[in-house]
Amino acid sequence: MDQARIPLTAARRARLDALRHQAEQLILSRQDAGSGLLPASTAVTVHGDYTDAWVRDNVYSILAVWGLWLALRDEDPAAARPLATAVVALMRGLLAAMMRQSAKVERFKVTQHPLDALHAKYDTRTGMPVVGDDAWGHLQIDATSVFLLMLAQMSASGLPIVQARHELDFVQNLVYYLGFAWRTPDFGIWERGNKRNDGEVEINASSVGMAKAALEAIDGARLLEDGSPVIHVPGDDIANAHTTLMNLLPRESQSKETDGALLAIIGFPAYAVENPELVERIQGEIVAKLEGPYGCKRFLRDGHQTSVEDQSRLYYEPGELARFEHIESEWPLFFCYQMLEAAMREQTAVARDYRQRLLDLCVEGEGFALLPELYRVAPDRVDAEREHPGSQPREPNDNVPLVWAQSLFLLAQLVDEGFLSPATLDPQQRRLRVGPRRTVEVRVVVLASDEIVAARLHAHDVAAETTASMAPVQVRHPDDLEAAFAELGRNAGLGLSGRPPRRPGTLSTSLLWRLDGQDLLFLPHFAHDLESYLHLDNRLLIARVRTEISYLQRRWHRSGKPLLVLRVTDAMLGSPGADALLEELRGIQAGACEGAAGGPLQATLADADREQIDWLAALPARPT
């Protein structure tokens, strides 16, 4: 259970004010008054112009301000108000920067091509692009995902970030932008692709995990209160991301055994991995392989900003990675994740341990204890460190503070000291998803194509519905749902169509949909009339039905129960394997099929999961 809120005594209020002053001086003082954006830092080095506004860094950098607002909004609304204003300004600044690139979103929905990706960083003052499409590894799925994830969380906390219908339509299209994250190789959180830093994209667990979390968080979110549609996420997009993620973990990618970036998906903010044993295994591998006295390595044999890196070159040759073994830079940033997650789990001793380590790594500046971006082995100590790893002291680089790290450290202190409860910092309670999944029972309704087929089924002890007996519930073709999704998010002014032509999966067709007061059920695509090969071999159809029931059981993430409509035709009853099909249907209705139950439609409607088609006036008229 979450810890109780500690009363705000005078001493504690003074401490909270000190943390707020730190956020004002180190974060808000850097916020551009016009764009609302933040620079990643103040440094300009051979490794980049950190005064630019990275999408990822901006979201993480404002989290401390959001946390302070959450801590103060009930205690001191006047002091909390400017904090809320700053958070909204930054998130809307990022939204505006992305919306200027809506043409890219429209193309990327279809191509998933790196040159069509949203830019990963913008000019801090104007919100305009600062480098060309091909001059940077912009395709960083985790960056867009963490923005969408925290947009959902911050909106759930009461902040009005989306304020107009065209903005809502754009956010809906970001859902489509991320819909194929499970099969989209990207440049990853470190922006250079695979471990060799040769610019080759690969599928990264930290990217897929953050996309999964974002899609889960934004699904069903009501971002406008004027009767506008909620955000809809096809369940199969989440399920596909989950499958890819589970197949990747505990690795980060094909080239990386593990990566510190995984901390963000096994804990705050994503909580994308529900299996607690897998979470602990990943955590253990990061500690064992990457953790050092100055933070964590990003990944093994990472040459970035080491003393032996050739700073005039962007990429490495394949045989060079061994040069960086044991001298990889260590990042205090990852201790911030560790401390924050320990505090969220109420592991006080662990949180305090990481807190002290972070304080020991801070350098003095601007009147505060500041966290450098990383610590590296000095050039004259490289050989000794290689010979005896961990024996040499390290020096901070010039990027001080890394605002992203400073923000997470401040946020971790707010939770650790009881100013914020885990429940308050996690409005959607995502952290509670970690644990055993509930058992889902799939409800199966048999629909006869006509009265004659219904009579034949009844004669074989199979209860069957007809379209007449199911009234007023309508049964529609799955193509109608695909057509409806094609209108969701359409905005001519932004040049955005709706969802690209993709067949809705079983997780979408197993919902009870409602449109203008009318209940609608959709046939699953695998049992559609046009897929005649299934109807020519009932045994193949039986195997597919069992597969879909198992899939629904494993991947259903809603509170109600899935409702699977199976249409039986005269041709099916006259095809090979008809007796086996009848036996299978009887078994389902008798409860002999594990995870499934059959029966009359009316008996299943009460606990069926419902979804509103609130973006469309009507579906096209078409008989079932």
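This is a predicted model, so every value here is computed, not measured. (Residues numbered from 1 in each chain as written. Predicted model: local features only at pLDDT ≥ 70, side-chain atom pairs only at ≥ 80, totals over all residues. Heavy atoms only, no water.)

As summarised here, the arrangement of the 3 strands in space is β15-β11-β16, forming an open sheet in which the pairing is parallel. Each edge of the open sheet carries a strand with a single partner, namely β15 (563-568) and β16 (596-598). Direction aside, neighbouring strands of the sheet carry axes that sit 30° apart on average. As judged from the 3 bridges shared by strand β11 (residues 442-448) and β16, these two strands associate in the parallel manner. Paired with Val444 across the strands is Gly598, a residue of β16. (Pairing = 2+ DSSP bridges. Helix = DSSP H or I, 4+ residues; strand = E, 2+ residues; numbered from the N terminus. Axes fitted to C-alpha atoms, helices over the stretch in contact; angles between N-to-C directions.)

Turning to the pattern of salt bridges, a few remarks are in order. A complete count under the given rule lists 53 salt bridges for this structure. One salt bridge connects Asp169 with Arg165, and the closest N-O pair in it is separated by 3.1 Å. Placement of both Asp169 and Arg165 in helix α6 (residues 165-178) is noted, with a separation of 4 residues, approximately one turn of the helix. The exposure class assigned to Arg165 is partly exposed, which follows from its relative accessible area of 39%. (Salt bridge = Lys/Arg side-chain N within 4 Å of Asp/Glu carboxyl O. Buried < 20%, exposed > 50% of the residue type's maximum accessible area, 1.4 Å probe, protein only.)

Below, the discussion takes up unusual backbone geometry. A cis geometry characterises the amide bond from Leu249 onward to Pro250, with omega recorded as 10°. Relative to the elements of secondary structure, Pro250 occurs in the loop between α8 (235-248) and α9 (263-266). Following Ala471, the chain continues into Pro472 via a peptide bond in cis, with omega recorded as 10°. Relative to the helices and strands, Pro472 resides in the loop between α17 (467-470) and β12 (474-476). A positive phi angle, close to 55°, is found at Asn197, a residue other than glycine. Within the secondary structure, Asn197 is located in the loop between α6 and α7 (205-218).

For the structure on display, the rule yields 13 aromatic pairs. Ring centres 6.2 Å apart and planes at 65° place the aromatic pair Trp54 and Trp136 in the edge-to-face group. Of this pair, Trp54 sits in strand β3 (residues 53-54) while Trp136 sits in the loop between β4 (121-122) and α5 (141-156), placing them 82 residues apart in sequence. With a relative accessible area of 6%, Trp54 lands in the buried category. By relative accessible area, Trp136 is classed as partly exposed at 23%. Among the aromatic side chains, those forming a connected cluster through ring pairs are Tyr60, Tyr337 and Trp404. The side chain of Lys121 reaches across the aromatic face of Trp136, ending 3.6 Å from its centre. Its end group placed over the ring of Phe180, Arg183 keeps NZ or CZ at 4.0 Å from the ring centre. (Phe/Tyr/Trp six-rings, centres within 6.5 Å; stacked < 30°, edge-to-face > 60°. Lys NZ or Arg CZ within 6 Å of the ring centre and 35° of its normal.)

Spatially, β12-β14-β13-β17 is the arrangement adopted by the 4 strands of the open sheet, whose pairing is mixed. Looking at which strands have only one partner, the edges of the open sheet turn out to be β12 and β17 (610-612). On average, adjacent strands in this sheet sit at an angle of 35° to one another, irrespective of strand direction. Here strand β13 (residues 512-515) runs beside strand β14 (residues 518-522); their pairing, made up of 3 bridges, is antiparallel. Within β14, the residue paired with Leu515 across the bridge is Gln518.

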